[in-house]
Amino acid sequence: MNFILLLAPSLFAALLAFVVRPYRAFVGWVNALLSLVSLGAALQFAGQAIAEYEAPTFGPSEMFRADSLSALLMVCVTAVATLTLFLSPGLTAESPYNPRQLRRYHYAINLFIAAMLAAVAANNVGIMWIAMEATTIFSAFIIPLTLTPASVEASWKYMLISSVGIALAFTGTVLGYFDFVTLSGRAENALNWPVLLATAPSLHPEVMRLAFVFILIGYGTKAGIAPMHTWKPDAYGEAPATLGALMSSALFAVAMYAIIRWKVVADAALNHGFTDTLMLALGLFSLAIAAFSLVIQRNYKRMLAYSSIEHTGLICCGLALGPLGAFAAMLHLVNHTAAKSTMFFLAGNIERKYGSPLIENVRGLIKIMPWTGALFAATLLMLIGLPPGGIFISEFALFRAGFRLDHPWLMGLALALLTIVFISFVSHLNKMLYGAPNENVAKGEVSAWQIAPLFLSLALLVTLGLIQPAPLTTLLNQIVAIVARP
Amino acid sequence: MNDALFSQLSTLGASLVLLFGIALLWRRSLHSYVVAFQWQSTVLSLLFIVVGYFGNDHDLYVVAVVLFALKVLIIPRYLQRLQARIGIEREVLPYVNVATSLIIAGLLVLLAYAIMRPVVSISALPTRAGLPLAIGLIFVGLFVVITRKKALTQVVGFLVLENGIALLAVLGTYGIPLIVELGVFLDVLMGFLVMQVFVYQIKTTFDSMDVDRLSQLKG
């Protein structure tokens, strides 16, 4: 029942947006309100997990299942989705898009949300793959909402690179299934994650190693782990800001989730060393790529994309650092979801005001849009790890886990790279906030409605930095028990 | 006896499927790409029937029919129609010339044999000899996507890569569970439809299908 409440609202919303033509504002409002139902269902799942109920399943041969890990991801995805749908273009009278574009935006973004939720709710790793591929299709469909050479280029690269990447992940899935079939014969539920995990200790290490490499490259492409990250700045830079918010926080988290699921299976078959080394190496490489690309960045939306790659790297490292690291990585995932989505909504406001995504064209932000400017500065400073933001806590925990495991050199390198990130972000922020305001840009906010909800995410971020709510800690500890068996 | 025949048939089928994939490397016109893809998909669906018959799994007949309808009838027709709409464009100069491409394809198949050796050695299936060929086809498809300049030929390269995965699944596991297989087909169809919209947009926005022109976004 809960699964229906989780998945059906976005599907119904997509249907509604599809059949009502031309687009009308009530569609956007109904969709936004429907997303609250999904959010409620996700919170219900989280509550059940915290109360230590048996993980509920649903559908033929237990197609869907919600354990603590799924529940956390569901809450992250639905929370960002709700925020996105309330801030989407088309709810208020003025909008930069025409009704045809708004109709396409609304049905595709709801399908995109449904696909992400299906991916985290799926028990069968084959179904998870299908949903992941669907996320690519629907999100690529909205990037070129306004047809410009740049947006067409970005969506083509995104579509092609992600499709190829995800195809490799499927190769890995097939190899994993092959190993299972060789051992215990064909079974309809062999791709169900708990079944796979139960068999994992007897799977062949040679095959599992190969399968995990394919899966890490494949889902890593979707998560934007370097060197498979090349589509990310293009897509985030050209996508409508609301889609950018969803992709950078929710879609990224879902792709990491897919990697985590397989990492647990691979760890059970291989012991920890193999996957940990790979993730640590790719994580540090992502950090390095992000740090050096940020120094020379001229476009603030692409700047946020590279910041995503930086955080991808951090989370990869955390997942490779034992139970403490896994705790830090999952907490970081939650913090990053709150911070990055907020940044994209604000970047969208700034782009609408200044009509340019270039840092050099944005001057005197704090004078022209005092609220947006202040929020942008505050969230950005927390994003790069300043207290009292939650990211400070999760990064601190992550490095502590690394030093505990005797990786002082690797952690030192990561800290040095984070310093580069820090300095370049502060310098870019300075250029945008201060200076003589552009003369042809009128003072004033885009609209109060576009800012007010963002204080909620800022408050959440600060809360997570000051205290660790007990339910969240319980949930995270349960997840650590799933993903990092000592 | 039956196993020997099955083994020979499956290896023959897998080799043919790989061969049609490599054919993309020396053909130039989009038309010949589509024909090669059509033949490849035909052989692949026959292979599904063969495995279904010898492996005694009737689900595979369903998969074979859907695969035939999708990849031999529907997608090629869309490709031809798209080509008619945007005019004939030849893959004049791929990034890598034909001779080098063929050598690289050979090396990729060798690489596939190398990495699949542990996998083949643990399997007792009559079809195991074809497994490295499937991985080889996946690599060749990847190579086509990377080295071709026309958006439309990149799409065909991607479809060939998908065929490689289907080949791997049918030879290694006698097909993944039916519901997953059908979902994958749905994704392929939707992905293809979105890609063809993009090809048309690239053509109208850039006045060419050359992905060379897609070079604004940097840094």
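Some words on the overall build of chain A
- Looking only at helices and strands, chain A has 19 helices and 2 strands in total.
- For 486 residues, the compact-globule estimate of 2.2 N^0.38 gives 23 Å, and the C-alpha radius of gyration of chain A, at 21 Å, lies within 12% of that figure.
- Once the C-alpha set of chain A is aligned to its principal axes, its extents read approximately 70 × 55 × 45 Å.
- Scored against the burial criterion, the 486 residues of chain A give a buried share of 61%.

Remarks on the nonpolar core
- Met74(A), Val77(A), Met116(A), Leu117(A), Ala119(A), Ala121(A) and Val254(A) are the most contacted members of the largest nonpolar core, which has 264 residues in total.
- Ranked by residue count, the leading element in this core is helix α10 (residues 241-270) of chain A, at 21 residues.

Description of the environment of Pro126(B)
- With respect to the secondary-structure elements, Pro126(B) resides in the loop between α4 (98-122) and α5 (131-147).
- Excluding residues within four positions of it along the chain, Pro126(B) makes contact with Asp3(B), Phe6(B), Ser7(B) and Ser10(B).

What about the interface of chain B and chain A?
- Listed as interface residues are 38 residues of chain B and, on the opposing side, 42 residues of chain A.
- If you list the elements that add at least two residues to the side of chain B that touches chain A, you get α4, α5, α6 (151-173) and α7 (178-206) of chain B.
- At 13 residues, α7(B) tops the list of elements feeding residues into the side of chain B that touches chain A.
- Looking at the side of chain B that touches chain A, its residues break down into 26 nonpolar, 10 polar and 2 charged.

Examining the confidence of the model for chain B
Residue and element names in this part refer to chain B.
- Mean pLDDT over chain B: 86, with 95% of residues reaching 70 or higher.
- Of all the helices and strands in chain B, α7 carries the lowest mean pLDDT, 85, while α5 carries the highest, 92.
- Scored by ipTM, the complex comes to 0.91, with pTM at 0.93.

Thoughts on helix α3 (residues 68-87) of chain A
- Taking 1.5 Å as the rise per residue, α3(A) with 20 residues should run 28 Å; its terminal C-alpha atoms sit 29 Å apart, in good agreement.
- Counting buried positions over the 20 residues of α3(A) gives 20, a clear majority of the element.

Structural notes on the packing of helix α6 (residues 149-184) of chain A against helix α8 (residues 205-223) of chain A
All names here are of chain A.
- The geometry of α6 relative to α8 is characterised by a closest axis approach of 7 Å and an angle of 155° between their N-to-C directions. Judged by the inter-axis angle, α6 sits roughly antiparallel to α8. Handedness of the α6/α8 crossing: left-handed.
- Of the residues belonging to the contact of α6 with α8, the class tally is 15 nonpolar, 8 polar and 2 charged.

Remarks on the environment of Ala169(B)
- Following the sequence through the fold, Ala169(B) ends up in helix α6.
- Setting aside residues no more than four positions away along its own chain, Ala169(B) makes contact with Val174(A), Gly175(B) and Ile176(B).

Details of the confidence of the model for chain A
- The share of residues in chain A with pLDDT of 70 or more is 99%, and the mean pLDDT across the chain is 90.
- Per-element averaging of pLDDT across chain A places strand β1 (residues 57-58) of chain A at the bottom with 86 and α3(A) at the top with 94.

Digging into helix α1 (residues 2-19) of chain A
Residue and element names in this part refer to chain A.
- Its 18 residues place the ends of α1 26 Å apart at the C-alpha level, agreeing with the 26 Å of an ideal helix rising 1.5 Å per residue.
- Of all the bends in α1, the greatest, near 35°, is centred on Ala8, and the proline Pro9 appears no more than four residues after it.
- Inspection of α1 places Phe3, Leu6, Leu7, Pro9, Ser10, Ala13, Ala14 and Ala17 among the buried residues, and these make up the whole buried set.

Regarding the packing of α8(A) against α10(A)
Residue and element names in this part refer to chain A.
- α10 packs onto α8 with a crossing angle of 170° between their chain directions and a minimal axis gap of 9 Å. Between α8 and α10, the interaxial angle falls into the category roughly antiparallel. On the side of α8, the interface is formed by Pro205, Met208, Arg209, Phe212, Ile215, Leu216, Tyr219, Gly220, Lys222 and Ala223, while α10 contributes Phe252, Ala255, Met256, Ala258, Ile259, Trp262, Ala266, Ala269 and Leu270.
- The residue makeup of the contact of α8 with α10, split by class, is 16 nonpolar, 1 polar and 2 charged.

What about unusual backbone geometry?
- Backbone torsion omega between Arg21(A) and Pro22(A) reads 0°, so that peptide bond is classified as cis.
- Looking at the secondary structure, you find Pro22(A) in the loop between α1 and α2 (25-50).
- That bond from Ala226(A) to Pro227(A) is cis: its omega, 0°, falls within 30 degrees of zero.
- With respect to the helices and strands, Pro227(A) occurs in the loop between α8 and α9 (231-238).
- Of note in this structure, Asp406(A) is not a glycine but carries a positive phi near 60°.
- Among the secondary structure elements, Asp406(A) is positioned in the loop between α16 (390-404) and α17 (408-433).
- We note that Asn56(B) has phi near 60°; this positive angle belongs to a residue other than glycine.

Analysis parameters
Residues numbered from 1 in each chain as written. Chains lettered and ligands numbered in written order. Predicted model: local features only at pLDDT ≥ 70, side-chain atom pairs only at ≥ 80, totals over all residues. Helix = DSSP H or I, 4+ residues; strand = E, 2+ residues; numbered from the N terminus. Rg over C-alpha atoms; globule rule 2.2 N^0.38 Å. Buried ≥ 20, exposed ≤ 12 C-beta atoms within 10 Å, placed from the backbone. Core = buried A, V, L, I, M, F, W, Y, C linked by C-beta atoms within 7 Å. Contact = placed C-beta atoms within 7 Å. Nonpolar A, V, L, I, M, F, W, Y, C, P; charged D, E, K, R; others polar. pLDDT = per-residue confidence, 0-100. Expected span 1.5 Å × (residues − 1). Axes fitted to C-alpha atoms, helices over the stretch in contact; angles between N-to-C directions. Parallel < 35°, antiparallel > 145°, perpendicular 65-115°, else oblique. Left-handed = near helix turned anticlockwise from the far one by under 90°. Bend = angle between axes of the 7 residues up to and from the residue.

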